[in-house]
Amino acid sequence: MNQMEIRKRQFGMVGKLLGFVIAIMLVRIIGDLGMAYFSAALEIYILLQMLFTAGVPGCMARLVRTRMAKGQYKNAGKVAKATGGYCLIIGILGSIFLLFGAESFMRAINLPEAALTLKILAAAFFLQAICAMLQGYFQGMGTAMPSMIFGIIKQVFCLSFSLLFTHMLYRYGLRASALLHNEKFAGMYGASGAAIGFPCALLLAFCFLLAIYISTERRMRRKNSGMRLTEDGYEVLRLLIFSLLPVSGILFFFRLPIMAGMAFYQKHNQGSIEAFTAYGAYYGKYLVLVGIFSVLALFFSAGIENTVVHYLRKEESKNARSYLSGGMQALLLASAYFAMLLLVLAPGMLQMFFGENAGEQAAGYLRSGFAVVLFLPMGIYFAGILMGIGKSRTVLINTLVSFILFVLAANIGLNVMKGNVLALVIAMLVFTAAGCILNGFFLLRNVRCNPEWLQITVRPIAAAFVSGLCIFLLNKVIAPAIGEVLSTIFYFLLGGAVYLILLFVLRCIREKDLDVLPGGNILFRIGMFLHLL
């Protein structure tokens, strides 16, 4: 098991959690309408990034690493140069595309107020492309630490700058809204302030990577291997692009439902401010909380996923099947509890993260779409293993099919529900469930694994249901006395204790499972202390 890969994945998850913290703080400042404007620009920026640069570090690292392992240092240098040229050109073209196409994009989805935010993000796209090349360079040379630190400091700087400029411009927007008697300006300027934090943070994070590159470039430079024939630069670029295609396609179609859902929603509601404010609650509250708990659940499988891939590559099928089932079990144990919390404690969760005026509307979204936390982490887990064993094309097809199902569900739901944003919640549930089922089917068939479904799925869900029922009944008595926020924290701890005991009582966790479960030693001590093992 590659410990550096596990740490890199865990650092990436910490970076994602920091991103969700930024979203929570922004919602508390600019509100649902401002978050809706920000989301429109941010999703276009992210989609362009997913399509062209998000897969660059991993693909470049693989190409450089294979050549370094063979002593082909000159060819490794050509990979770095070709990737650098690709990122430079893509960064410039993408920034120009966003800068001059912002108004056209936003008019197409009936959101001209978000055009300024997208123009600001154009500069961030160029910096992100250059940083992707430097990350790939370090990973290819055998050290992922600069990339890991880069992801953290980028989010920390982004949090600082985004909050600073959001406060400044949101106050200006409030004055403009009061003067012109139009509430849109506060959200519009607040969203623009949030966007300014992205290029500022990336510029400082880029300086960090550049400083490391300059200080280590001489040490990492090797002598040429003495080969008389070296790879052609254009051939290297072709290899890079072809290796990028499946990864970029998966990332693009995985993220596309958010932007597509927004476009469908705007079309059905004809640009209504009230309706788009509801979309802001969906994006900034529902998707953020679902994302937080999904990432927390994935922490439990970070090491197992790499172990499964390792054993499959060595053709040790028995060990691979054992760890694959263990990863599924670990994910279900965590995600079942988190899904229960979202279902039972939706109002308290919203007040705890977003303040007292979080709104009952968002609580309805959480109650309707809580099961996404069950499907999303598991689907990502299956997809990661499939991609690790060279089945990226299978994952791409599954993601595309899931997206088509999302489009059908979103349009049918919006027509039936008369433009209610709950249709997008249900469509997202369809998308994540389809991805989980499809990726799981092909992986289990490929590995010839037949898990103990009663042990892995039914019993943990039953334990979560009983824990949730206890919390629901206690909530009627305790919440009115101490308030939603304090009661939510109390229920989180109490429900966790009840759930853990039920896992042992219902035999969801057996002594033989502890060898493959993360934290198995701790669980063993708890089980022995409670005399349940």
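Residues numbered from 1 in each chain as written. Predicted model: local features only at pLDDT ≥ 70, side-chain atom pairs only at ≥ 80, totals over all residues. Heavy atoms only, no water.

Asker: Help me out: how do you make sense of the overall build of the chain in this one?
Answerer: On a plain count of helices and strands, the chain comes out with 18 helices and zero strands. Relative to a compact globule of 533 residues, whose C-alpha radius of gyration would be 24 Å, the chain shows 24 Å and is just as compact. Its C-alpha atoms give the chain principal-axis dimensions of roughly 80 × 70 × 40 Å. Looking at the 533 residues of the chain, the share that counts as buried comes to 53%. Summarising the internal contacts of the chain: among those between residues at least 6 apart in sequence, 82% fall at separations of at least 24. Here the chain contributes 44 positive and 21 negative side-chain charges, whose respective centroids are spaced 8 Å apart. (Helix = DSSP H or I, 4+ residues; strand = E, 2+ residues; numbered from the N terminus. Rg over C-alpha atoms; globule rule 2.2 N^0.38 Å. Buried < 20%, exposed > 50% of the residue type's maximum accessible area, 1.4 Å probe, protein only. Contact = heavy atoms within 4.5 Å. Lys, Arg positive; Asp, Glu negative; His and termini not counted. Charge placed at Lys NZ, Arg CZ, Asp CG, Glu CD.)

Asker: Please explain the confidence of the model for the chain as it appears in this structure.
Answerer: Interpretation of the predicted coordinates at a detailed level should be avoided for regions scoring low in pLDDT. This prediction gives the chain a mean pLDDT of 86; 94% of its residues lie at or above 70. Taken element by element, the chain is modelled with least confidence in helix H18 (residues 520-529), mean pLDDT 75, and with most confidence in helix H14 (residues 392-416), mean pLDDT 95. Note that pLDDT drops below 50 for residues 223-229; the model gives that stretch seven contacts with residues more than four away or on any other chain. (pLDDT = per-residue confidence, 0-100.)

Asker: Explain the pattern of salt bridges here, please?
Answerer: Between side chains of opposite charge, a pair can form when the charged atoms approach closely. Evaluated as defined, the whole model comprises seven salt bridges. Note that Lys 285 and Asp 32 form a salt bridge whose closest N and O atoms lie 3.3 Å from each other. Here the residue Lys 285 occupies a position in helix H8 (residues 273-298), and Asp 32 occupies one in helix H1 (residues 3-52), the gap between them amounting to 253 residues. Overall, the relative accessible area of 4% leaves Lys 285 in the buried class. Linking Arg 107 and Glu 103 is a salt bridge whose minimum nitrogen-to-oxygen distance equals 3.8 Å. Taken together, the positions of Arg 107 and Glu 103, both in helix H3 (residues 73-108) and four residues apart, correspond to about one turn of that helix. Assessed through its relative accessible area of 54%, Arg 107 is described here as exposed. Each of Glu 103, Arg 107 and Lys 119 takes part in one network of salt bridges that share partners. (Salt bridge = Lys/Arg side-chain N within 4 Å of Asp/Glu carboxyl O.)

Asker: I keep staring at the environment of Met 328 and nothing clicks. Help me out?
Answerer: Turning to its location among the elements, Met 328 is positioned in helix H10 (residues 317-344). Each C-alpha atom, one on Met 328 and one on Tyr 286, is 25 Å from the other, the two residues being 42 residues apart in sequence. Setting aside chain neighbours within four positions, we find Met 328 in contact with Met 378, Tyr 381, Phe 382, Leu 444, Pro 451, Trp 453 and Ile 456.

Asker: Hey, could you run me through the nonpolar core in this one?
Answerer: Here is a general trend for soluble globular proteins: nonpolar side chains tend to be buried in one another's company. Counting residues in hydrophobic clusters, the biggest one holds 178 residues, and the most contacted among them are Met 106, Tyr 279, Tyr 282, Leu 324 and Tyr 381. Considering every element that reaches this core, the biggest residue donor is H1, with 24 residues. With residues up to four places along the chain from it excluded, the contact list for Tyr 282 reads Leu 287, Tyr 365, Val 421, Leu 424, Val 425 and Met 428. (Core = buried A, V, L, I, M, F, W, Y, C linked by side-chain atoms within 4.5 Å.)

Asker: Teacher, can you tell me more about the packing of aromatic side chains here?
Answerer: Centre distance and the angle of the planes are the two values used to describe a pair of aromatic rings. All told, the structure shown has 27 aromatic pairs when counted by the stated rule. Between Phe 276 and Tyr 279, the ring centres sit 5.7 Å apart and the planes meet at 5 degrees, which makes this aromatic pair stacked. Highlighted residues: Phe 276 and Tyr 279, both in helix H8, separated by three residues, approximately one helical turn. Residue classification places Phe 276 among the buried residues on the basis of a relative accessible area of 2%. A relative accessible area of 0% places Tyr 279 in the buried class. When the ring of Tyr 381 is compared with that of Phe 382, the centres are 5.8 Å apart and the planes differ by 45 degrees; the resulting orientation is tilted. Each member of the pair, Tyr 381 together with Phe 382, is buried. A connected cluster of aromatic rings, assembled from ring pairs, spans Tyr 37, Tyr 265, Phe 276, Tyr 279, Tyr 282, Tyr 283 and Tyr 286. (Phe/Tyr/Trp six-rings, centres within 6.5 Å; stacked < 30°, edge-to-face > 60°.)

Asker: Can you help me understand unusual backbone geometry in this one?
Answerer: Backbone geometry follows two general trends: most residues other than glycine have a negative phi, and most peptide bonds adopt the trans configuration. Of note in the backbone geometry, Lys 418 takes a positive phi value of approximately 55 degrees without being a glycine. Residue position: Lys 418 is located in the loop between H14 and helix H15 (422-447). Judged by relative accessible area, Lys 418 falls into the exposed class, the value being 75%. Residues other than glycine seldom take positive phi values, yet Arg 448 does so here, at roughly 60 degrees.

Asker: What am I meant to see in H15 here?
Answerer: In this model H15 runs 37 Å from its N-terminal to its C-terminal C-alpha over 26 residues, within 8% of the 38 Å that 1.5 Å per residue would give. Arg 448, located one to two residues past H15, shows a positive phi value of around 60 degrees. (Expected span 1.5 Å × (residues − 1).)

Asker: I keep staring at the environment of Met 13 and nothing clicks. Help me out?
Answerer: Residue placement: Met 13 occurs in helix H1. For Met 13, a relative accessible area of 9% corresponds to the buried category. Each C-alpha atom, one on Met 13 and one on Ile 90, is 26 Å from the other, the two residues being 77 residues apart in sequence. Not counting residues within four places of it along the chain, the set of residues in contact with Met 13 comprises Val 295, Leu 298, Phe 299 and Ala 302.

Asker: So what exactly am I meant to see when it comes to helix H13 (residues 372-388) here?
Answerer: An α-helical segment advances 3.6 residues per turn. Residues three or four places apart therefore align on the same side. The end-to-end C-alpha distance of H13 is 24 Å, a good match for the 24 Å that 17 residues give at a rise of 1.5 Å each. Burial of H13 is extensive: 14 of the 17 residues sit out of reach of the surface. Within two residues after H13, Gly 390 carries a phi angle of roughly 85 degrees, on the positive side.

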